[in-house]
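Architecture at a glance
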Amino acid sequence: MPYISIQCGTLDSTQKRQLIERLTATAAEITHIPTEFFTVTIQELPDENFGIGGRHIGEIKAEYAARNGAKG
């Protein structure tokens, strides 16, 4: 039975549903395995548990938001 696992930041229930549906559909299309055989798990990790390149993810998000005029 195929198993898909993803780790990410916090998601709302709609995002989780969409992620599970799309990951399953894409994997089933590529592998030709029926969708009902797939298991998907989502592990949410809070931002304070992330670091990239020795920097805290909050700092990286703030820089990205400043460059792109988005909220971080």
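Nothing here was measured: the structure is a model prediction, and the numbers come from that model.

**Section: helix 2 (residues 57–68)**
- Here helix 2 contains twelve residues, and its C-alpha end-to-end distance of 16 Å stays within 8% of the 16 Å for a straight helix at 1.5 Å per residue.
- The first or second residue beyond helix 2 is G69, which carries a positive phi of 65 degrees.

**Looking at the side chain of T24**
- Turning to its location among the elements, T24 is positioned in helix 1 (residues 13–31).
- Beyond its immediate stretch of four places on either side in the chain, T24 contacts T35, F38 and V40.

**As for the pairing of strand 2 (residues 39–44)**
- Where strand 1 (residues 3–8) meets strand 2, six bridges bridge the pair, whose relative direction is parallel. Each bridged residue has a counterpart across the sheet, and for Q7 the counterpart in strand 2 is Q43.
- On the question of chirality, the crossover connecting strand 1 to the parallel strand 2 by way of helix 1 is right-handed.

**Observations regarding the confidence of the model for the chain**
- When the pLDDT values of the chain are averaged, the result is 92; 96% of them are 70 or greater.
- In the model of the chain, strand 3 (residues 51–52) stands out as the element of lowest mean pLDDT, 89, in contrast to helix 1, which has the highest, 98.

**Things to note about the nonpolar core**
- Among the nonpolar cores identified, the biggest contains five residues, and these are I4, A27, A28, F38 and V40.
- Each residue touching I4, except ones within four places of it in the same chain, is listed here: L23, A27, F38, T39, V40 and T41.

Here is what the cut-offs are and how they apply
Residues numbered from 1 in each chain as written. Predicted model: local features only at pLDDT ≥ 70, side-chain atom pairs only at ≥ 80, totals over all residues. Heavy atoms only, no water. Helix = DSSP H or I, 4+ residues; strand = E, 2+ residues; numbered from the N terminus. Expected span 1.5 Å × (residues − 1). Contact = heavy atoms within 4.5 Å. Pairing = 2+ DSSP bridges. Right-handed = clockwise from strand over helix to strand, strands pointing away. pLDDT = per-residue confidence, 0-100. Core = buried A, V, L, I, M, F, W, Y, C linked by side-chain atoms within 4.5 Å. Buried < 20%, exposed > 50% of the residue type's maximum accessible area, 1.4 Å probe, protein only.

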